[in-house]
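Chain by chain, the residues run as shown.
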Amino acid sequence: MSNSKTKIYMDGKIIPWESATIHVASTGAKYGANVFEGICCYYGDQQYLFRLREHLDRLRESIDLMRLPQQYSDAEFEHAIWETLKANDISGDAHIRLSIIVTGEGLYDVSGPLALVCTATPREPGTLSDRTVSLGFSSWRRIDDASMPPRIKAGPNYHNGRFALMDAKRHGYDEALLLNSAGMVSESTNSCFMMIRRGALVTPPVSAGILESITRDTFLKIAADELGIPVEVREIDRTETAIAEEAFLCNSFQEVRPVRSIDGIKLKRTAPGPVTLRLWDSYENVGRGRISKYRDWLTTRVDVQPQKSGAAAE
Ligand code: PMP
């Protein structure tokens, strides 16, 4: 993923990969105190940051819920992203990760100082047939709002994903699907779950123990507004998933992973199914700026300057 030429944005500066470190005694290192966003950059006739507004809103919500200070401006976040892309000579598609880490020392309630870190990884446009997965239901339950809120995009939440993914792989599946504490379908280890049932796009509600995914929201809107596909946001039983026509996982990192089978039962349509392919085609057109109606989801490069001191150095 990285090499000696990879550059990282940290606290207003572009620095070499190996210099981007935090102390072992920090609350970020000891207890995993961090929040982050994974953001897509797509190339159309220029580079677009996909739904940056929604990502920054969610990042601010994670900061508030973690009771961290809101010390960064939107301009600073955006500046960090464009500087990181530039420093790594990325002019096409990329996956961007914007993280806020507690670098202060002490117990797990320490809330500062913070470090703002941005990384960018180039990626090639892909085809869905190369990304299909087998899913197995995990014996682990999804974390819930009463103990470890999945709505917060915080690194430590991924320990739940780690348990489930390791367990799934140990049983021969590519990925895991988790039930929530009420026994209903929640989400996968780093993605939301969507299925096509009797022609409708069906996905669990935001109260099912899921991250409020921006990709999920995008597909719900594209399906309803662009493709005329009925949308159902409702509870899903475990057995209903395996008798779906199609299913896919979605997130900003792997975008769409069509599901071949669940618990060893093949879905009705060979993955990627026809509805998944239509949704993907529309998603790509929206993300690459080919549908004018969705242009306000795209942020283009303008010379944003951060309000705080410390402009990025080359
Ligand atoms: N659920 C979990 C647990 C995730 O980690 C992610 C990835 N951020 C998602 C869902 C999808 O969210 P998004 O579409 O905003 O990337």
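Residues numbered from 1 in each chain as written. Predicted model: local features only at pLDDT ≥ 70, side-chain atom pairs only at ≥ 80, totals over all residues. Heavy atoms only, no water.

Undergrad: Please explain the overall build of the protein as it appears in this structure.
TA: When helices and strands are tallied, the protein shows seven helices and 16 strands. The C-alpha atoms of the protein give 20 Å as radius of gyration, which agrees with the globular expectation for 314 residues (20 Å, within 12%). The principal-axis extents of the C-alpha atoms in the protein amount to approximately 55 × 45 × 35 Å. A buried classification covers 56% of the 314 residues belonging to the protein. Expressed as a percentage of contacts within the protein between residues at least 6 apart in sequence, the contacts between residues at least 24 apart total 70%. Surface exposure of the protein reaches about 14,300 Å², of which carbon and sulfur atoms provide 51%. Positive and negative side-chain charges of the protein, numbering 38 and 41 respectively, have mean locations separated by a distance of 4 Å. (Helix = DSSP H or I, 4+ residues; strand = E, 2+ residues; numbered from the N terminus. Rg over C-alpha atoms; globule rule 2.2 N^0.38 Å. Buried < 20%, exposed > 50% of the residue type's maximum accessible area, 1.4 Å probe, protein only. Contact = heavy atoms within 4.5 Å. Areas by Shrake-Rupley, 256 points an atom, 1.4 Å probe, with all protein chains shown as cover. Lys, Arg positive; Asp, Glu negative; His and termini not counted. Charge placed at Lys NZ, Arg CZ, Asp CG, Glu CD.)

Undergrad: In this structure, what is going on with the pattern of salt bridges? I would like to understand it.
TA: Pairing between side chains of opposite charge can happen when their charged atoms approach one another. In this structure the tally under the stated criterion is 24 salt bridges. Notably, a salt bridge pairs Lys 293 with Glu 226, separated by 3.0 Å at the nearest N-O pair. Within this pair, whereas Lys 293 is found in the loop between helix H7 (274–287) and strand S16 (298–299), its partner Glu 226 is found in helix H5 (residues 214–227), the two being separated by 67 residues in sequence. A relative accessible area of 29% places Glu 226 in the partly exposed class. Across the salt bridge formed by Arg 234 and Glu 232, the nearest N and O atoms sit 2.8 Å from each other. Overlapping salt bridges bring together Arg 51, Glu 54, Asp 217 and Lys 221 as one network. (Salt bridge = Lys/Arg side-chain N within 4 Å of Asp/Glu carboxyl O.)

Undergrad: Please explain the nonpolar core as it appears in this structure.
TA: It is characteristic of soluble globular proteins that their nonpolar side chains tend to be buried jointly. Formed by 31 residues in total, the largest nonpolar core has its most connected members in Ile 81, Leu 85, Ile 96, Leu 98 and Ile 100. Of all elements in the fold, only strand S3 (34–43), helix H2 (52–65), helix H3 (74–87), strand S5 (94–102) and strand S6 (114–122) reach the threshold of two or more residues within this core. Setting aside anything within four residues of it in sequence, one finds Leu 85 in contact with Cys 41, Gln 47, Leu 49, Ile 90, Ala 94, Ile 96 and Ala 120. Core analysis: the next-biggest nonpolar cluster, separate from the first, contains 28 residues, Phe 50, Ala 223, Val 286 and Trp 297 among them. (Core = buried A, V, L, I, M, F, W, Y, C linked by side-chain atoms within 4.5 Å.)

Undergrad: In this structure, what is going on with the site of the ligand? I would like to understand it.
TA: Among the 16 residues in the neighbourhood of the ligand, the closest are listed as Lys 153, Tyr 158, Glu 187, Ser 213 and Thr 215. Take Ser 213: an N or O atom from its side chain is 2.6 Å from an oxygen atom of the ligand. In the environment of the ligand, an oxygen atom lies 2.4 Å from a nitrogen or oxygen atom belonging to the side chain of Thr 215. For the ligand, the protein covers 96% of the area, taking 380 Å² as the surface of the free molecule. More than half of the atoms belonging to the ligand lie within 2 Å of the grid points that define the largest pocket. Only H5 and strand S13 (246–251) provide two or more residues apiece to the shell around the ligand. Class assignment of the residues belonging to the shell around the ligand gives a composition of five nonpolar, seven polar and four charged. (Near = heavy atom within 4 Å. Polar contact = N/O pair within 3.5 Å; in protein donor to acceptor, adjacent residues only side chain to side chain. 1 Å grid on protein atoms, 1.4 Å probe; cavity = no way out; pocket = protein on both sides within 12 Å on 5 of 7 lines; lining within 4 Å. Sits in = over half its atoms within 2 Å of the grid points. Nonpolar A, V, L, I, M, F, W, Y, C, P; charged D, E, K, R; others polar.)

Without other data, these values stay purely geometric and don't point to any function.
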